[in-house]
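Results of the structural survey
Listed here are the chains, written in short residue letters.
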Amino acid sequence: QVTNIGLGFGKKFTSNISGGAVFRIVNEATPDVRAMGVCLDAGVQYGTQFRPNSKTAQLKGNDLRFGISIRNIGPDMKFSGDGLSAKSNLNGNPFTTTTVQRGAAFNLPSLINIGMSYDFRLDKNKDSTATTYYHKLTAAGNFCNNSFSNNQTSIGIQYSYKGILMLRSGYTYEKGIFGFETRRTVYTGFSGGVTIEVPLAKKNSTSGTRDNNNTFAFDYSYRTTSPFQGTHVFGIRLNLE
């Protein structure tokens, strides 16, 4: 049994800088052995405009973004419980004694992510009265420094239509990933996904904009593996503002 409870806080400090942190309590247990620990996740993102003086700068917003995050920063964990005890009779003694084995402390799998992304606006219509782009292509890259596994470099691309339909694909590289004997993970690198996000409010007939940004979304992602038949992840999100 694995329990992960988190309490998070996020804030947009300026129009360009935002950040957040999550304090988590982690519990891993079997019926007679358990370990509990606490850890911290934190990150900051900086967004800016690649061409701030262009005619569409206000509409495009912050199309160039940089971010850095840390995960699983906290003290060591250690297993304990009755499952580490053993009953025995020593040297023919008729009395039963209980021997308790001490579990060794272990580090949390800390990691650091450093990434960036850029939004390509694909609409040919440069109408200055438009409030959104119909077609957007986002390219992203990320470097992950892991404590107990190989470092990973990821690249990805996403196409968005009016913020309602998103299609994405990516590849994650790490040392030895191309060989079965040298690969240290079941994942072989390729991934893909789709998101359908539907607004819950109708457009205002006067302003032409929606009264709020509440949405309902369905997410699906797939990662190739060897062996096994790949990893499928389904998700449902309700965004309230």
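Residues numbered from 1 in each chain as written. Predicted model: local features only at pLDDT ≥ 70, side-chain atom pairs only at ≥ 80, totals over all residues. Heavy atoms only, no water.

1. Quick word on the packing of aromatic side chains
Geometry of an aromatic ring pair is reported as the spacing of the ring centres plus the angle between the planes. Per the stated rule, a full pass over the model turns up seven aromatic pairs. Ring centres of Phe218 and Phe234 lie 6.4 Å apart, and the angle between their planes is 40°; this geometry places the pair in the tilted category. One end of the pair, Phe218, is in strand 12 (residues 215-225); the other, Phe234, is in strand 13 (residues 231-239), and 16 residues separate them in sequence. With relative accessibility at 56%, the residue Phe234 sits in the exposed group. The ring centre of Tyr134 lies 4.8 Å from the NZ or CZ of Lys162, which sits over that ring. (Phe/Tyr/Trp six-rings, centres within 6.5 Å; stacked < 30°, edge-to-face > 60°. Helix = DSSP H or I, 4+ residues; strand = E, 2+ residues; numbered from the N terminus. Buried < 20%, exposed > 50% of the residue type's maximum accessible area, 1.4 Å probe, protein only. Lys NZ or Arg CZ within 6 Å of the ring centre and 35° of its normal.)

2. What to know about the side chain of Asn113
Mapped onto the secondary structure, Asn113 falls in strand 7 (residues 111-121). Reaching out from Asn113, the side chain makes a polar contact with the side chain of Asn142 at a distance of 3.0 Å. Apart from the residues within four sequence positions on either side, Asn113 is in contact with Gly67, Ile68, Ser69, Asn142, Phe143 and Cys144. (Polar contact = N/O pair within 3.5 Å; in protein donor to acceptor, adjacent residues only side chain to side chain. Contact = heavy atoms within 4.5 Å.)

3. A short note on the environment of Tyr173
Position of Tyr173 among the secondary structure elements: in strand 10 (residues 165-174). Relative accessible area serves as the criterion here: at 38%, Tyr173 is assigned to the partly exposed category. When the C-alpha atoms of Tyr173 and Phe190 are compared, they prove to be 9.0 Å apart, with 17 residues separating the residues in sequence.

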